Number of protein chains: 2
Amino acid sequence: MKEEFRLDNQLCFRLYTASRLLTQAYNPLLSAHGLTYPQYLVLLVLWENDAQPVNDIAKRLCLETNTVTPLVQRMEKQGIVTRAKGTNDARQMIVSLTDKGQQLQTALTDVPFAVGGAIACKSLTPETVPALFQTLDDMIAQLKKNLKRDT
Amino acid sequence: MKEEFRLDNQLCFRLYTASRLLTQAYNPLLSAHGLTYPQYLVLLVLWENDAQPVNDIAKRLCLETNTVTPLVQRMEKQGIVTRAKGTNDARQMIVSLTDKGQQLQTALTDVPFAVGGAIACKSLTPETVPALFQTLDDMIAQLKKNLKRDT
DNA sequence: TACTTTTGTATCGCGAACGATATAAATAAC
DNA sequence: GTTATTTATATCGTTCGCGATACAAAAGTA
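This report concerns the structure included in the present document. (Residues numbered from 1 in each chain as written. Chains lettered and ligands numbered in written order. Predicted model: local features only at pLDDT ≥ 70, side-chain atom pairs only at ≥ 80, totals over all residues. Heavy atoms only, no water.)

1. Notes on the sheet that holds strand β3 (residues 93-97) of chain B
Residues and elements named next belong to chain B.
- Read across the sheet, three strands follow the order β1-β3-β2 without closing on themselves; strand pairing throughout is antiparallel. Each end of this open sheet is capped by a strand with a single partner; those strands are β1 (52-53) and β2 (81-85).
- In terms of strand pairing, β2 meets β3 through five bridges, oriented antiparallel. The residue bridging Thr 82 from the neighbouring strand is Ser 96, located in β3.
- Across the face of the sheet, helix α4 (residues 65-77) comes into contact with β2 and β3 while running at roughly 120° to β2. (Pairing = 2+ DSSP bridges. Helix = DSSP H or I, 4+ residues; strand = E, 2+ residues; numbered from the N terminus. Contact = heavy atoms within 4.5 Å. Axes fitted to C-alpha atoms, helices over the stretch in contact; angles between N-to-C directions.)

2. A few points about the packing of helix α1 (residues 11-31) of chain A against helix α1 (residues 11-31) of chain B
- Two elements in contact, α1(A) and α1(B), have axes whose closest approach is 8 Å; the angle formed by their N-to-C orientations is 140°. Regarding the angle of α1(A) to α1(B), the classification is oblique. Both α1(A) and α1(B) take part in a crossing whose hand is left-handed. Across the interface between the two elements, Leu11(A), Cys12(A), Leu15(A), Tyr16(A), Ala18(A), Ser19(A), Leu22(A), Thr23(A) and Tyr26(A) of α1(A) pack against Leu11(B), Cys12(B), Leu15(B), Tyr16(B), Ala18(B), Ser19(B), Leu22(B), Thr23(B) and Tyr26(B) of α1(B).
- When the residues that make up the contact of α1(A) with α1(B) are grouped by side-chain class, the tally is 14 nonpolar, four polar and no charged. (Parallel < 35°, antiparallel > 145°, perpendicular 65-115°, else oblique. Left-handed = near helix turned anticlockwise from the far one by under 90°. Nonpolar A, V, L, I, M, F, W, Y, C, P; charged D, E, K, R; others polar.)

3. Quick word on the protein's contact with DNA strand C
- Among the 26 residues in the neighbourhood of DNA strand C, the closest are listed as Thr36(A), Tyr16(B), Gln24(B), Arg83(B) and Arg91(B).
- Protein-proximal atoms of DNA strand C, defined as those within 4 Å of the protein, fall in sugar or phosphate at a share of 74%.
- For DNA strand C, a phosphate oxygen lies 3.1 Å from a polar atom in the backbone of Ala90(A).
- Elements represented by at least two residues in the surface near DNA strand C include exactly α2 (37-48) and α4 (65-77) of chain A together with α1, α3 (54-61) and α4 of chain B. (Near = heavy atom within 4 Å. Polar contact = N/O pair within 3.5 Å; in protein donor to acceptor, adjacent residues only side chain to side chain.)

4. Concerning the sheet that holds strand β3 (residues 93-97) of chain A
- As summarised here, the arrangement of the three strands in space is β1-β3-β2 (chain A), forming an open sheet in which the pairing is antiparallel. This sheet does not close on itself; its edge strands, each paired only once, are β1 (52-53) and β2 (81-85) of chain A.

5. So, the protein's contact with DNA strand D
- Lining the immediate surroundings of DNA strand D are 26 residues, of which Tyr16(A), Gln24(A), Asn55(A), Thr36(B) and Arg74(B) lie closest.
- Within 4 Å of the protein, the contacting atoms of DNA strand D are 74% sugar and phosphate, with bases supplying the remainder.
- Within the side chain of Thr36(B), one N or O atom sits 2.7 Å away from a phosphate oxygen of DNA strand D.
- Those elements that provide at least two residues to the surface near DNA strand D are α1, α3 (54-61) and α4 of chain A together with α2 (37-48) and α4 of chain B.
- Here the residues of the surface near DNA strand D sort into eight nonpolar, 12 polar and six charged.

6. Description of the relation of the copies chain B and chain A
- Superposition record for chain B on chain A: RMSD 0.0 Å, screw rotation 180°, translation along axis 0.0 Å. What the rotation and shift describe, once combined, is the action of a two-fold rotation axis. Ranked by how close their C-alpha atoms come to the rotation axis, the residues of chain B are headed by Leu15(B), at 3.0 Å.
- Here 100% of the contact residues of chain B are again contact residues in chain A; the copies associate through an equivalent surface. (Least-squares fit on C-alpha atoms with pLDDT ≥ 70 in both.)

Here's what the structure looks like:
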(Lines give C-alpha, C1' and ligand atoms only; values in the text may rest on other atoms or scores of the structure.)
Protein backbone atom coordinates (compact mmCIF):
# COMPACT_ATOMS: atom_id res chain seq x y z
CA MET A 1 0.00 0.00 0.00
CA LYS A 2 1.61 3.18 -1.18
CA GLU A 3 1.67 6.13 1.17
CA GLU A 4 0.15 8.49 -1.44
CA PHE A 5 -2.97 6.34 -1.58
CA ARG A 6 -3.68 6.41 2.13
CA LEU A 7 -7.00 8.14 2.73
CA ASP A 8 -5.52 9.97 5.70
CA ASN A 9 -2.98 11.63 3.43
CA GLN A 10 -5.54 13.04 1.03
CA LEU A 11 -6.14 16.77 1.06
CA CYS A 12 -9.07 16.37 -1.29
CA PHE A 13 -10.89 13.94 0.97
CA ARG A 14 -10.52 16.35 3.88
CA LEU A 15 -11.89 19.25 1.87
CA TYR A 16 -14.69 17.09 0.51
CA THR A 17 -15.68 15.90 3.98
CA ALA A 18 -15.33 19.28 5.67
CA SER A 19 -17.39 20.88 2.94
CA ARG A 20 -20.17 18.32 3.15
CA LEU A 21 -20.36 18.32 6.94
CA LEU A 22 -20.32 22.08 7.14
CA THR A 23 -23.10 22.22 4.56
CA GLN A 24 -25.03 19.79 6.73
CA ALA A 25 -24.63 22.19 9.62
CA TYR A 26 -26.35 24.85 7.51
CA ASN A 27 -29.15 22.58 6.46
CA PRO A 28 -31.58 22.69 9.39
CA LEU A 29 -31.18 26.47 9.57
CA LEU A 30 -31.85 26.93 5.86
CA SER A 31 -34.50 24.29 5.30
CA ALA A 32 -36.55 25.99 8.00
CA HIS A 33 -36.96 28.70 5.36
CA GLY A 34 -37.28 26.32 2.43
CA LEU A 35 -33.72 26.94 1.26
CA THR A 36 -30.83 24.73 0.25
CA TYR A 37 -27.19 25.64 0.71
CA PRO A 38 -26.52 26.48 -2.97
CA GLN A 39 -29.66 28.60 -2.97
CA TYR A 40 -28.29 30.41 0.10
CA LEU A 41 -25.10 31.10 -1.85
CA VAL A 42 -27.13 32.65 -4.67
CA LEU A 43 -28.83 34.84 -2.09
CA LEU A 44 -25.46 35.95 -0.69
CA VAL A 45 -24.44 36.95 -4.23
CA LEU A 46 -27.66 38.84 -4.90
CA TRP A 47 -27.68 40.57 -1.52
CA GLU A 48 -24.30 41.99 -2.45
CA ASN A 49 -25.42 43.01 -5.94
CA ASP A 50 -29.00 42.64 -7.01
CA ALA A 51 -30.14 42.05 -10.60
CA GLN A 52 -27.31 40.00 -12.04
CA PRO A 53 -27.28 37.80 -15.14
CA VAL A 54 -27.01 34.04 -14.62
CA ASN A 55 -23.49 34.08 -15.96
CA ASP A 56 -22.20 36.55 -13.36
CA ILE A 57 -23.75 34.54 -10.55
CA ALA A 58 -22.20 31.37 -11.92
CA LYS A 59 -18.77 32.98 -12.22
CA ARG A 60 -18.95 34.37 -8.71
CA LEU A 61 -19.79 30.93 -7.32
CA CYS A 62 -17.38 29.07 -9.64
CA LEU A 63 -20.30 27.05 -10.97
CA GLU A 64 -21.41 26.27 -14.49
CA THR A 65 -24.45 28.09 -15.84
CA ASN A 66 -26.15 24.74 -16.36
CA THR A 67 -26.06 24.35 -12.59
CA VAL A 68 -27.22 27.87 -11.84
CA THR A 69 -30.04 28.02 -14.38
CA PRO A 70 -32.21 25.29 -12.82
CA LEU A 71 -31.19 26.55 -9.38
CA VAL A 72 -32.61 30.01 -9.95
CA GLN A 73 -35.60 28.51 -11.76
CA ARG A 74 -36.47 26.68 -8.56
CA MET A 75 -35.91 29.87 -6.57
CA GLU A 76 -38.20 31.71 -8.97
CA LYS A 77 -40.87 29.09 -8.41
CA GLN A 78 -40.54 29.75 -4.66
CA GLY A 79 -41.00 33.47 -5.20
CA ILE A 80 -37.53 34.37 -3.95
CA VAL A 81 -36.24 35.81 -7.21
CA THR A 82 -37.56 36.94 -10.58
CA ARG A 83 -36.00 36.22 -13.96
CA ALA A 84 -36.24 38.72 -16.80
CA LYS A 85 -34.56 39.01 -20.18
CA GLY A 86 -31.79 41.59 -20.31
CA THR A 87 -32.63 44.86 -22.06
CA ASN A 88 -29.11 45.58 -23.32
CA ASP A 89 -28.33 41.99 -24.20
CA ALA A 90 -31.40 39.90 -24.95
CA ARG A 91 -29.44 36.69 -24.38
CA GLN A 92 -28.94 37.44 -20.71
CA MET A 93 -31.37 36.37 -18.05
CA ILE A 94 -31.29 38.87 -15.21
CA VAL A 95 -31.99 37.41 -11.77
CA SER A 96 -33.39 39.83 -9.21
CA LEU A 97 -34.52 39.52 -5.62
CA THR A 98 -38.20 39.76 -4.78
CA ASP A 99 -39.35 41.37 -1.55
CA LYS A 100 -39.44 37.89 -0.08
CA GLY A 101 -35.85 37.36 -1.20
CA GLN A 102 -34.79 40.63 0.40
CA GLN A 103 -36.59 39.84 3.62
CA LEU A 104 -34.84 36.50 3.94
CA GLN A 105 -31.71 38.42 4.84
CA THR A 106 -33.41 39.50 8.05
CA ALA A 107 -34.87 36.08 8.68
CA LEU A 108 -31.45 34.46 8.33
CA THR A 109 -29.52 36.96 10.43
CA ASP A 110 -28.40 34.43 12.98
CA VAL A 111 -27.33 31.73 10.51
CA PRO A 112 -23.67 32.79 10.29
CA PHE A 113 -23.40 32.85 14.06
CA ALA A 114 -25.11 29.51 14.53
CA VAL A 115 -22.81 27.88 12.01
CA GLY A 116 -19.83 29.60 13.55
CA GLY A 117 -20.76 27.93 16.79
CA ALA A 118 -21.04 24.52 15.17
CA ILE A 119 -17.46 24.61 13.87
CA ALA A 120 -15.85 26.39 16.80
CA CYS A 121 -12.75 24.41 17.68
CA LYS A 122 -9.30 25.09 18.99
CA SER A 123 -7.79 25.10 15.49
CA LEU A 124 -10.02 27.94 14.38
CA THR A 125 -8.99 31.12 16.13
CA PRO A 126 -8.85 34.77 15.05
CA GLU A 127 -5.15 34.12 14.47
CA THR A 128 -5.45 30.97 12.34
CA VAL A 129 -8.49 31.78 10.24
CA PRO A 130 -6.82 34.40 8.02
CA ALA A 131 -4.03 31.93 7.20
CA LEU A 132 -6.60 29.26 6.41
CA PHE A 133 -8.51 31.66 4.15
CA GLN A 134 -5.26 32.61 2.43
CA THR A 135 -4.32 29.00 1.80
CA LEU A 136 -7.74 28.09 0.44
CA ASP A 137 -7.89 31.21 -1.75
CA ASP A 138 -4.44 30.43 -3.07
CA MET A 139 -5.40 26.83 -3.84
CA ILE A 140 -8.62 27.92 -5.52
CA ALA A 141 -6.79 30.43 -7.69
CA GLN A 142 -4.22 27.84 -8.66
CA LEU A 143 -6.88 25.26 -9.53
CA LYS A 144 -8.85 27.74 -11.58
CA LYS A 145 -5.76 28.57 -13.60
CA ASN A 146 -4.84 24.94 -14.21
CA LEU A 147 -8.37 23.79 -14.97
CA LYS A 148 -8.90 26.62 -17.44
CA ARG A 149 -5.66 25.73 -19.23
CA ASP A 150 -6.96 22.27 -20.11
CA THR A 151 -9.97 23.73 -21.92
CA MET B 1 -25.07 44.53 3.91
CA LYS B 2 -23.84 42.80 7.00
CA GLU B 3 -20.25 41.71 7.11
CA GLU B 4 -21.15 38.13 8.09
CA PHE B 5 -23.07 37.72 4.86
CA ARG B 6 -20.23 38.74 2.56
CA LEU B 7 -19.32 35.79 0.37
CA ASP B 8 -15.64 36.55 0.85
CA ASN B 9 -15.99 36.01 4.59
CA GLN B 10 -17.50 32.55 4.25
CA LEU B 11 -15.38 29.59 5.25
CA CYS B 12 -17.99 27.19 3.91
CA PHE B 13 -17.97 28.71 0.45
CA ARG B 14 -14.18 28.39 0.30
CA LEU B 15 -14.30 24.74 1.33
CA TYR B 16 -17.13 24.06 -1.07
CA THR B 17 -15.28 25.68 -3.96
CA ALA B 18 -11.89 24.19 -3.16
CA SER B 19 -13.45 20.76 -2.85
CA ARG B 20 -15.29 21.00 -6.15
CA LEU B 21 -12.36 22.38 -8.10
CA LEU B 22 -9.96 19.85 -6.67
CA THR B 23 -12.39 17.09 -7.59
CA GLN B 24 -12.47 18.51 -11.09
CA ALA B 25 -8.71 18.21 -11.20
CA TYR B 26 -9.08 14.48 -10.50
CA ASN B 27 -11.75 14.00 -13.12
CA PRO B 28 -9.80 13.64 -16.37
CA LEU B 29 -7.35 11.30 -14.65
CA LEU B 30 -10.10 9.11 -13.24
CA SER B 31 -12.58 9.18 -16.10
CA ALA B 32 -9.81 7.83 -18.33
CA HIS B 33 -10.34 4.64 -16.32
CA GLY B 34 -14.10 4.96 -16.13
CA LEU B 35 -14.06 6.17 -12.53
CA THR B 36 -15.65 9.04 -10.65
CA TYR B 37 -14.12 10.73 -7.63
CA PRO B 38 -16.40 9.08 -5.04
CA GLN B 39 -15.68 5.72 -6.67
CA TYR B 40 -11.97 6.49 -6.33
CA LEU B 41 -12.54 7.12 -2.61
CA VAL B 42 -14.18 3.71 -2.27
CA LEU B 43 -11.15 2.19 -3.96
CA LEU B 44 -8.81 3.97 -1.53
CA VAL B 45 -10.80 2.47 1.34
CA LEU B 46 -10.78 -1.04 -0.13
CA TRP B 47 -7.10 -0.91 -1.06
CA GLU B 48 -6.40 -0.27 2.60
CA ASN B 49 -8.74 -3.05 3.76
CA ASP B 50 -10.42 -5.32 1.30
CA ALA B 51 -13.79 -7.01 1.87
CA GLN B 52 -15.66 -4.47 3.99
CA PRO B 53 -19.40 -4.15 4.61
CA VAL B 54 -21.17 -1.15 3.10
CA ASN B 55 -21.58 0.37 6.53
CA ASP B 56 -17.85 0.43 7.27
CA ILE B 57 -17.09 2.04 3.92
CA ALA B 58 -19.76 4.65 4.53
CA LYS B 59 -18.46 5.42 8.03
CA ARG B 60 -14.90 5.75 6.76
CA LEU B 61 -16.00 8.22 4.09
CA CYS B 62 -18.50 10.01 6.36
CA LEU B 63 -21.25 9.19 3.89
CA GLU B 64 -24.69 7.67 4.37
CA THR B 65 -25.19 4.07 3.34
CA ASN B 66 -27.89 5.17 0.91
CA THR B 67 -25.15 7.01 -0.95
CA VAL B 68 -22.66 4.15 -0.84
CA THR B 69 -25.07 1.37 -1.80
CA PRO B 70 -25.83 2.64 -5.32
CA LEU B 71 -22.20 3.73 -5.65
CA VAL B 72 -20.85 0.22 -5.14
CA GLN B 73 -23.70 -1.22 -7.20
CA ARG B 74 -22.40 0.80 -10.14
CA MET B 75 -18.86 -0.31 -9.39
CA GLU B 76 -20.05 -3.90 -9.34
CA LYS B 77 -21.61 -3.42 -12.76
CA GLN B 78 -18.24 -2.21 -13.98
CA GLY B 79 -16.52 -5.31 -12.63
CA ILE B 80 -14.41 -3.37 -10.11
CA VAL B 81 -15.91 -4.92 -6.98
CA THR B 82 -18.11 -7.82 -5.99
CA ARG B 83 -20.91 -7.75 -3.45
CA ALA B 84 -21.73 -10.76 -1.30
CA LYS B 85 -23.94 -11.30 1.73
CA GLY B 86 -22.02 -11.52 4.99
CA THR B 87 -21.63 -15.00 6.47
CA ASN B 88 -21.58 -13.92 10.12
CA ASP B 89 -24.25 -11.28 9.72
CA ALA B 90 -26.63 -11.91 6.83
CA ARG B 91 -27.72 -8.28 6.82
CA GLN B 92 -24.29 -7.07 5.80
CA MET B 93 -23.25 -6.73 2.18
CA ILE B 94 -19.52 -7.30 1.91
CA VAL B 95 -17.80 -5.34 -0.85
CA SER B 96 -14.60 -6.85 -2.21
CA LEU B 97 -12.14 -5.87 -4.93
CA THR B 98 -11.99 -7.90 -8.12
CA ASP B 99 -8.69 -8.42 -9.92
CA LYS B 100 -9.61 -5.45 -12.07
CA GLY B 101 -10.18 -3.40 -8.93
CA GLN B 102 -6.80 -4.41 -7.55
CA GLN B 103 -5.04 -3.64 -10.81
CA LEU B 104 -6.48 -0.14 -10.90
CA GLN B 105 -4.09 0.72 -8.10
CA THR B 106 -1.21 0.25 -10.53
CA ALA B 107 -3.00 2.03 -13.35
CA LEU B 108 -3.63 5.05 -11.11
CA THR B 109 -0.16 5.27 -9.59
CA ASP B 110 0.54 8.72 -10.93
CA VAL B 111 -2.82 10.27 -10.00
CA PRO B 112 -1.71 11.60 -6.58
CA PHE B 113 1.35 13.22 -8.14
CA ALA B 114 -0.58 14.72 -11.03
CA VAL B 115 -3.13 16.23 -8.66
CA GLY B 116 -0.37 17.41 -6.36
CA GLY B 117 1.04 19.31 -9.30
CA ALA B 118 -2.31 20.91 -10.09
CA ILE B 119 -2.67 22.45 -6.62
CA ALA B 120 0.98 23.32 -6.04
CA CYS B 121 1.06 26.90 -4.80
CA LYS B 122 3.07 28.99 -2.43
CA SER B 123 0.61 28.50 0.43
CA LEU B 124 1.01 24.72 0.31
CA THR B 125 4.45 23.81 1.57
CA PRO B 126 5.78 20.90 3.65
CA GLU B 127 5.58 23.32 6.57
CA THR B 128 2.00 24.51 6.09
CA VAL B 129 0.29 21.29 5.00
CA PRO B 130 0.41 19.58 8.41
CA ALA B 131 -1.22 22.62 10.00
CA LEU B 132 -3.88 22.66 7.30
CA PHE B 133 -4.56 18.95 7.81
CA GLN B 134 -4.78 19.52 11.55
CA THR B 135 -7.25 22.37 11.17
CA LEU B 136 -9.46 20.44 8.77
CA ASP B 137 -9.37 17.30 10.92
CA ASP B 138 -10.26 19.37 13.94
CA MET B 139 -13.15 21.00 12.13
CA ILE B 140 -14.40 17.67 10.84
CA ALA B 141 -14.29 16.13 14.31
CA GLN B 142 -16.16 19.10 15.75
CA LEU B 143 -18.82 18.99 13.05
CA LYS B 144 -19.30 15.25 13.46
CA LYS B 145 -19.85 15.71 17.16
CA ASN B 146 -22.32 18.55 16.75
CA LEU B 147 -24.22 16.97 13.88
CA LYS B 148 -24.56 13.69 15.74
CA ARG B 149 -25.91 15.49 18.79
CA ASP B 150 -28.91 16.77 16.86
CA THR B 151 -30.01 13.22 15.97
C1' DT C 1 -40.12 -18.85 23.29
C1' DA C 2 -42.58 -14.74 21.71
C1' DC C 3 -42.25 -9.83 21.23
C1' DT C 4 -39.87 -5.46 20.73
C1' DT C 5 -36.07 -2.83 19.34
C1' DT C 6 -32.10 -2.05 16.89
C1' DT C 7 -29.14 -2.57 12.99
C1' DG C 8 -27.64 -3.05 7.99
C1' DT C 9 -29.16 -2.44 3.27
C1' DA C 10 -31.98 -1.07 -0.15
C1' DT C 11 -35.35 1.90 -2.63
C1' DC C 12 -37.48 6.34 -3.75
C1' DG C 13 -37.56 11.22 -4.62
C1' DC C 14 -35.39 15.61 -5.09
C1' DG C 15 -31.77 18.95 -5.59
C1' DA C 16 -27.38 19.74 -6.96
C1' DA C 17 -23.09 19.37 -10.25
C1' DC C 18 -21.43 18.84 -14.68
C1' DG C 19 -20.39 17.04 -19.56
C1' DA C 20 -22.66 17.28 -23.92
C1' DT C 21 -25.67 19.40 -26.90
C1' DA C 22 -29.02 22.91 -28.74
C1' DT C 23 -30.57 27.57 -29.79
C1' DA C 24 -30.93 32.41 -30.19
C1' DA C 25 -28.60 36.75 -29.89
C1' DA C 26 -24.51 39.46 -30.28
C1' DT C 27 -20.05 40.13 -32.35
C1' DA C 28 -16.40 39.54 -35.75
C1' DA C 29 -14.79 38.73 -40.33
C1' DC C 30 -15.19 39.15 -45.04
C1' DG D 1 -24.45 43.23 -45.59
C1' DT D 2 -23.86 38.44 -45.40
C1' DT D 3 -21.56 34.78 -43.22
C1' DA D 4 -18.91 32.78 -39.45
C1' DT D 5 -17.85 32.76 -34.69
C1' DT D 6 -18.54 33.61 -30.11
C1' DT D 7 -21.45 34.23 -26.12
C1' DA D 8 -25.51 33.54 -22.78
C1' DT D 9 -28.96 30.31 -21.50
C1' DA D 10 -31.35 26.27 -21.58
C1' DT D 11 -32.15 21.20 -21.86
C1' DC D 12 -30.80 16.36 -21.26
C1' DG D 13 -28.59 12.44 -19.09
C1' DT D 14 -25.76 10.50 -15.37
C1' DT D 15 -23.84 10.43 -10.83
C1' DC D 16 -23.73 11.97 -6.36
C1' DG D 17 -25.73 13.18 -1.57
C1' DC D 18 -29.19 12.77 1.59
C1' DG D 19 -33.91 12.71 3.96
C1' DA D 20 -37.65 9.47 4.27
C1' DT D 21 -39.21 4.98 4.14
C1' DA D 22 -39.24 -0.17 3.87
C1' DC D 23 -37.70 -4.65 5.21
C1' DA D 24 -35.22 -8.51 6.86
C1' DA D 25 -31.84 -10.10 10.17
C1' DA D 26 -29.86 -9.69 14.62
C1' DA D 27 -30.02 -8.42 19.41
C1' DG D 28 -32.40 -7.41 23.50
C1' DT D 29 -36.44 -8.21 26.63
C1' DA D 30 -40.25 -10.21 29.01
